[in-house]
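Each chain, letter by letter, is given below.
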Amino acid sequence: MRTLAVLAALLAAAPALAQPASVAVRFDRHTVRPVLAEGLADKAARRAVSADDPVRIASISKLVTALGVLRMVDAGQLNLDRDVSDYLGWRLRNPAFPDKPITLRLLLSHQSGLLDGGELYIIPLGTSLRERLADRQVWDNAHAPGSGWFHYTNLNFPVIASVMERASGQRFDRLMQRLVLKPLKVDACYNWSGCSPRTVQRAVVLYRASGEVAKDDLGGKLPDCLVVPGPDGQCDLSAYRPGDNGALFSPQGGLRISMRGLARIGQVLARQDTRFLSPRSHAELTRMQWRFNGANGLGEDGAASGFFCAYGLAVQTIGTGGAPCRDDVFGDGTVRLGHSGDAYGLKSGLYWDPVSGTGLAWFTTEVAPDAPTGRTAFTAREEAVTARAMHP
């Protein structure tokens with residue numbers, strides 16, 4: 001009888017396990033409630049996904065990096081409007097606009113004039129940020145820093161991380177543990193550096209829409225190298241000098257975190273916890289630094305799709321309405337703050353309503369690069385996940 005019961009349970013779970021891995025967690029200022037968990041975290045191991053399994057959350061990592069910046073602002077170590085050259089120890093300028101300083105505010109709000117140049121934001125060990133920024137492919141020759149032009153650019157965040165490292169004397173992965181993740185009691189990490197063995201064992205393997213492994217097939221163990229190794233495969237970090245290459249631990253997309261952990265971060269922001277961020281820093285984080293008018297900015301794909309319609313310091317505002325905007329993934333006209341993520345077949349989101357204090361953290365996997373959009377600039381899959389999570 002017991003065998004039959006187990007078999008029945010497995011059969012009942014089979015449809016959910018056959019789905020791409022998707023998880024959603026709702027939260028308010030005081031509670032966290034998982035509302036969706038389906039599919040497999042690891043297909044080879046037949047391990048079902050849960051709200052406690054860490055996943056590479058892609059560009060939501062930028063928002064969490066911004067929290068580290070503002071903690072340093074509150075500590076008097078950084079200034080949002082100071083020329084970052086003062087921190088880096090060398091002059092950072094767009095060659096086309098040599099008289100225009102670049103600040104943390106411009107970097108965090110994607111108004112710096114930097115471009116990704118393909119995947120030039122990935123800087124291997126042994127190559128310095130300064131070397132990479134000497135490549136003219138990473139500079140916008142048509143729009144000056146601070147001119148009001150927005151171009152969503154991953155490379156902004158290796159610069160930010162280098163500034164953080166140089167100002168603190170500490171490597172980015174360790175700095176983020178000290179500034180953000182440990183104070184919030186979240187077992188998460190950038191590029192797997194600092195996560196507990198138990199969390200590593202629960203890693204969500206990312207699969208492409210084709211079914212092939214895209215990222216984090218760890219087999220329960222840390223990767224041999226936590227950074228992009230040098231051209232000779234070298235991965236010795238012992239001689240690394242903080243500030244030389246802030247790209248190493250992927251500040252733009254390398255955060256591994258569970259949806260329960262991400263919801264906890266959303267809670268802290270939803271209740272504007274002054275033990276974590278000062279009221280002034282919270283206001284700067286969420287204030288619109290740029291607003292789309294239909295002709296003053298481009299997304300990561302080089303399109304003006306209305307996906308990004310209003311942006312703060314690594315915080316996206318959605319649901320504000322207006323003809324150019326196609327960002328209301330929830331479809332209810334409520335203004336929300338947060339960020340999206342998109343990489344290696346994963347789509348993700350963390351958004352909260354600053355009025356009610358309610359929010360949602362989610363991800364879904366195996367999304368094709370050409371997946372159709374729905375009624376918004378988000379994919380139909382993302383719209384379906386948020387709808388199911390909000391109305392289970």
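About the thresholds
- Positions within a chain are numbered from 1, following the residues in the order the chain's sequence is written.
- Selection of residues for local features in this predicted model requires a pLDDT of at least 70, selection of side-chain atom pairs for listing and counting requires 80 or more, and totals for whole chains, interfaces and linings are taken over all residues.
- Only hydrogens and water are set aside when side-chain values are computed; all heavy atoms of the structure are taken into account.
- Put simply, DSSP H or I for four residues or longer makes a helix, DSSP E for two residues or longer makes a strand, and each gets a number counted from the N terminus.
- The size measure is the radius of gyration over C-alpha atoms, and the globule rule it meets is 2.2 Å times the number of residues to the 0.38 power.
- Note on classification: 1.4 Å probe, protein chains only; a residue is buried when its accessible area is under 20% of the maximum for its type, exposed when over 50%, partly exposed between these limits.
- Should any heavy atoms of two residues lie within 4.5 Å, those residues are considered in contact.
- To measure how exposed things are, a 1.4 Å probe is used in the Shrake-Rupley method; for residues, cover is taken only from the protein chains shown.
- Neither His nor the chain termini are counted; the positive set is Lys and Arg, and the negative set is Asp and Glu.
- We put the charge of a Lys on NZ, of an Arg on CZ, of an Asp on CG and of a Glu on CD.
- Each pair of strands is called paired provided DSSP finds at least two bridges between the two strands.
- By convention in this document, the label disulfide applies to cysteine sulfur atom pairs within 2.5 Å.
- Residues belong to one nonpolar core when they are buried, are Ala, Val, Leu, Ile, Met, Phe, Trp, Tyr or Cys, and are joined through side-chain atoms within 4.5 Å.
- pLDDT runs from 0 to 100 and stands for how confident the predictor is about each residue.
- Whenever a carboxyl oxygen of Asp or Glu lies within 4 Å of a side-chain nitrogen of Lys or Arg, that contact is scored as a salt bridge.

(A) Main features of the overall build of the chain. Per the secondary structure count, the chain includes eleven helices and 17 strands. Taken against the 2.2 N^0.38 rule, which gives 21 Å for 392 residues, the C-alpha radius of gyration of the chain at 20 Å falls within 12% of a compact globule. Viewed in the frame of its principal axes, the chain has a C-alpha envelope of about 75 × 50 × 40 Å. Burial statistics for the chain: of 392 residues in total, 56% are counted as buried. Restricting to contacts in the chain with at least 6 residues of sequence separation, those with at least 24 account for 65%. Accessible surface computed for the chain: about 16100 Å², of which carbon and sulfur atoms make up 51%. Computed over 44 positive and 38 negative side-chain charges, the inter-centroid distance for the chain is 5 Å.

(B) Looking closely at the pairing of strand S1 (residues 22–27). S1 sits mainly inside the fold: five of its six residues count as buried. Sheet topology note: the S1/strand S17 (residues 359–364) ladder contains six bridges and is antiparallel. Across the sheet, residue Val23 finds its bridge partner in S17, namely Phe363. Joining the antiparallel neighbours S1 and strand S2 (residues 32–38) is a turn of four residues.

(C) Just the state of the cysteines, in detail. Across all of its chains, the model carries three disulfides by this definition. Two residues share a disulfide in this structure: Cys225 and Cys235, whose sulfurs sit 1.9 Å from each other. Across the S-S bond of Cys225 and Cys235 the torsion is about 90°, and the bridge reads as right-handed. Linking Cys225 in the loop between strand S9 (213–215) and strand S10 (255–257) with Cys235 in the loop between S9 and S10, this pair joins segments that are ten residues apart in sequence. Assessed through its relative accessible area of 28%, Cys235 is described here as partly exposed. Covalent S-S linkage joins Cys309 and Cys325, the inter-sulfur distance amounting to 1.6 Å. With Cys309 in the loop between strand S12 (297–298) and strand S13 (310–311) and Cys325 in the loop between strand S14 (316–318) and strand S15 (336–343), this residue pair connects regions lying 16 residues apart in the sequence.

(D) Examining the environment of Arg260 more closely. Here Arg260 shows up in helix H9 (residues 259–270). Taking the relative accessible area as the measure of exposure, Arg260 reaches 24% and is therefore partly exposed. When near neighbours in sequence (up to four residues on either side) are disregarded, Arg260 contacts Val25, Val32, Pro34, Ala51 and Asp52.

(E) Structural view of the environment of Gln19. Relative to the assigned elements, Gln19 resides in the loop between helix H1 (2–18) and S1. By relative accessible area, Gln19 is classed as partly exposed at 39%. For the pair Gln19 and Thr365, spaced 346 residues apart in sequence, the C-alpha separation works out to 9.3 Å. Residues contacting Gln19, with those up to four places away along its chain left out, are Glu38, Gly39 and Leu40.

(F) Broad picture of the nonpolar core. Counting 107 residues, the largest nonpolar core has Leu133, Met164 and Phe363 as the members making the most contacts within it. Top element by residues in this core is helix H2 (residues 60–74). It accounts for eight residues. Beyond its immediate stretch of four places on either side in the chain, Met164 contacts Thr65, Gly68, Val69, Met72, Leu78, Phe172, Leu175, Met176 and Leu179. Cys189, Trp192, Cys195 and Val200 belong to the second-largest nonpolar core, a separate cluster that totals six residues.

(G) The confidence of the model for the chain, seen in detail. Overall, the prediction assigns the chain a mean pLDDT of 95, with 96% of residues at 70 or greater. Confidence drops under pLDDT 50 across residues 6–11; counting only partners more than four residues distant or on other chains, this segment forms zero contacts.

(H) Seen up close, the pattern of salt bridges. Considering all chains together, one arrives at 18 salt bridges under this definition. Between Arg275 and Asp273 there is a salt bridge; the shortest N-O distance is 2.9 Å. What makes Asp273 buried here is its relative accessible area of 12%. Residue Glu284 is joined to Arg287 by a salt bridge in which the shortest nitrogen-to-oxygen separation is 3.2 Å. Salt bridges linked by common partners bring Asp81, Arg105, Glu284 and Arg287 together as one network.

(I) Here's a closer look at the sheet that holds strand S7 (residues 189–190). Spatial strand order, S5-S10-S7: three strands in an open sheet with antiparallel pairing. Looking along the sheet, the strands with just one partner apiece sit at the ends: strand S5 (55–56) and S7. Where S5 and S10 come together, two bridges link them in antiparallel fashion. Along S10, the bridge assignment pairs Arg56 with Arg256.

(J) Expanded view of helix H7 (residues 172–181). The element H7 is largely enclosed, with a buried count of eight among its ten residues. Residues of H7 that are buried: Phe172, Asp173, Leu175, Met176, Gln177, Leu179, Val180 and Leu181. Looking at the buried positions of H7, the neighbouring elements they touch are H2, helix H6 (156–168), S7 and S10.

(K) Inspection of unusual backbone geometry at higher detail. Unusually for a residue other than glycine, Asp216 sits at a positive phi of about 65°. By the secondary structure assignment, Asp216 is in the loop between S9 and S10. Note on Asp216: relative accessible area 8%, which makes it buried.

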